[in-house]
Amino acid sequence: MRIADRSVLKLIRRWLQTPVVEAPPEKGGTPQVSRPGKGTPQGGVISPLLANRYWHWFDKVFPRATGPAHGANAKRVRYADDFVVLARYVSPKLRGFIEAKLETWMGLEINREKTRGVDRKQKGASLDFLGFTFRYDRSRFGAGRYLNVAPSKKALAREREKLRQLTRKAHGWKPIPALIEELNRRLRGWANYFRFGYPRDAFDQINRHVLLRLGQHRRRRSQRPFQPPEGVSLYEHYQRLGLRYLCADTAQLPATAFGGAFLREPDA
């Protein structure tokens, strides 16, 4: 329960008191340096470990006889300091248990802006968690609804920004094959994470964004507008150069199944 090793405590204290350096609002300005008054600094390397140190005890009391796991048959899903509690009915008693354990017993502070209750029966209700959006949609292949799991709008915006950084003006000197190789590595990792669920629409958006950025990159490298070879579409042209498009094949799966996602290999 307690750490008595002074060297470990000193190391943890240094992590907690690490100054945060923010970029100046104007170019050439002075960076702003601040120290956190309490808690761990945003993005600190010690944050996940200390979060698990606290959350370990919340995980212990949640399934006890007096906890929501028995009284409300609630389930918890946690990753680092983000968590979701699933229950058929979110009662005031359930909310009170969570708030009391976190804020009174542990002395933590719940982020009220990010914390909310979601009723899946309400039309248009959705939940964003770990980059995914969870919501019930009507099936396109018949009556009934299915749980739609897809990359969230924030996850798509972050990925478009990452791709924009890889193809920004400062990288205009890179040859197309080298740039495509970097994009493939980025796309492969992103697809491996977001292949769960139904990512087809999101993958199509990313593919279109990659083609747009490659077109801008080639226009910067030449004084003439770029045109693919005659009789070859832009999509096929970049595929021949080695670009691997994101592809989600869920068309043949039932509404309750989850399809996989993969990178479409370029044609030989």
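Use the structure listed above.
From a predicted model like this one, the values you see are computed outputs, not experimental measurements.

Each value, and the rule that gives it
- Residues numbered from 1 in each chain as written.
- Predicted model: local features only at pLDDT ≥ 70, side-chain atom pairs only at ≥ 80, totals over all residues.
- Heavy atoms only, no water.
- Helix = DSSP H or I, 4+ residues; strand = E, 2+ residues; numbered from the N terminus.
- Rg over C-alpha atoms; globule rule 2.2 N^0.38 Å.
- Buried < 20%, exposed > 50% of the residue type's maximum accessible area, 1.4 Å probe, protein only.
- Contact = heavy atoms within 4.5 Å.
- Areas by Shrake-Rupley, 256 points an atom, 1.4 Å probe, with all protein chains shown as cover.
- Lys, Arg positive; Asp, Glu negative; His and termini not counted.
- Charge placed at Lys NZ, Arg CZ, Asp CG, Glu CD.
- Patch = residues over 30% accessible without salt bridge, like charges linked within 9 Å, V, L, I, M, F, W, Y side chains within 5 Å.
- Salt bridge = Lys/Arg side-chain N within 4 Å of Asp/Glu carboxyl O.
- Pairing = 2+ DSSP bridges.
- Axes fitted to C-alpha atoms, helices over the stretch in contact; angles between N-to-C directions.

Draft legend 1. Broad picture of the overall build of the protein. Helix and strand content of the protein: eight helices and nine strands. What you see for the protein is a C-alpha radius of gyration of 24 Å, clearly larger than the 18 Å of a compact globule of 268 residues, by over 25%. With the principal axes as the frame, the protein shows a C-alpha extent of 70 × 60 × 30 Å. Here the protein holds 268 residues, and the buried ones make up 30% of them. Pairs at least 24 residues apart make up 49% of the contacts formed inside the protein by residues separated by at least 6 positions. With an accessible surface of roughly 19,000 Å², the protein has 52% of that area assigned to carbon and sulfur atoms. The centroid of the 52 positive side-chain charges in the protein is displaced by 3 Å from the centroid of its 24 negative side-chain charges.

Draft legend 2. Structural view of a nonpolar patch on the surface. Residues Ile 3, Val 8 and Leu 9 make up a contiguous nonpolar surface patch of roughly 200 Å² in combined accessible area. Locating Leu 9 in the fold gives a position in helix 1 (residues 6-16). On the accessibility criterion, Leu 9 (31% relative accessible area) is partly exposed.

Draft legend 3. The pattern of salt bridges, seen in detail. Taken as a whole and judged by the stated rule, the model has ten salt bridges. Its salt-bridge partner being Asp 137, residue Arg 135 comes within 3.0 Å of it at the nearest N-O pair. Overall, the relative accessible area of 31% leaves Arg 135 in the partly exposed class. A network of salt bridges, in which partner residues are shared, links Asp 59, Arg 76 and Arg 78.

Draft legend 4. Representation of unusual backbone geometry. Positive phi, close to 55 degrees, is recorded for Asn 73, a residue that is not glycine. Residue position: Asn 73 is located in the loop between helix 3 (68-71) and strand 3 (75-79). One non-glycine residue, Leu 130, adopts positive backbone phi at about 55 degrees. Within the secondary structure, Leu 130 sits in the loop between strand 5 (126-129) and strand 6 (132-138).

Draft legend 5. Local environment of the sheet that holds strand 6. Read from one edge of the open sheet, three strands run 5-6-7, paired in antiparallel fashion. Whereas interior strands pair on both sides, the edge strands pair on one side only; in this sheet they are strand 5 and strand 7 (145-151). On average, each strand axis in the sheet is tilted by 25 degrees relative to the strand beside it, whichever way the strands run. When strand 5 meets strand 6, the two strands line up antiparallel, connected through four bridges. The partner of Asp 128 across the bridge, within strand 6, is Thr 133.

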